[in-house]
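Here is what each chain is made of, one letter per residue.
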Amino acid sequence: MLPDKGCHYVLYKAIYETKESKKEDLVFIFWTPECAPLKSKMIYGSSKDAIKKKLTEIKMNYKQTCKEVRDPCTLTEKLGSNAIISLEGKPL
């Protein structure tokens, strides 16, 4: 659903399961595709920190420049756990 030519902020509630328990974490994704206009990248980049300061419950955040954010394995790596066995109820 992320466009190839526009920058966006994404706040995603990741629901996942490890061998020990179920967890929910907020993930902030700064979406800046390589073909987005430079002005757009600069505007989004300059306001990103102000938004992150207001969202105090975020577990982790990262910058994405390509469609790898669609891959569930990439998200589980970013969540920092090799023990994740399912994401959104789907086994990995």
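The protein chain carries the name ADF-H domain-containing protein in an unreviewed UniProt entry, which gives Balaenoptera physalus as its organism. One UniProt comment on the protein chain, placed under Sequence similarities (unreviewed entry), says "Belongs to the actin-binding proteins ADF family."

Caption draft 1: Highlighting the packing of aromatic side chains. This model, assessed by the stated rule, comprises three aromatic pairs. With 5.6 Å between their ring centres and 25° between their planes, Y9 and F28 make a pair best called stacked. Within this pair, whereas Y9 is found in strand β1 (residues 8-18), its partner F28 is found in strand β2 (residues 22-31), the two being separated by 19 residues in sequence. Assessed through its relative accessible area of 25%, Y9 is described here as partly exposed.

Caption draft 2: The arrangement of the pairing of β2 in detail. Two elements, β1 and β2, share ten bridges in a ladder whose sense is antiparallel. Bridge assignment links Y9 to a residue of β2, and that residue is F30. Hairpin connection, β1 to β2: the antiparallel pair is bridged by three residues.

The rules behind the values
- Residues numbered from 1 in each chain as written.
- Predicted model: local features only at pLDDT ≥ 70, side-chain atom pairs only at ≥ 80, totals over all residues.
- Heavy atoms only, no water.
- UniProt positions renumbered as here; feature names shortened; annotations may be inferred.
- Phe/Tyr/Trp six-rings, centres within 6.5 Å; stacked < 30°, edge-to-face > 60°.
- Helix = DSSP H or I, 4+ residues; strand = E, 2+ residues; numbered from the N terminus.
- Buried < 20%, exposed > 50% of the residue type's maximum accessible area, 1.4 Å probe, protein only.
- Pairing = 2+ DSSP bridges.

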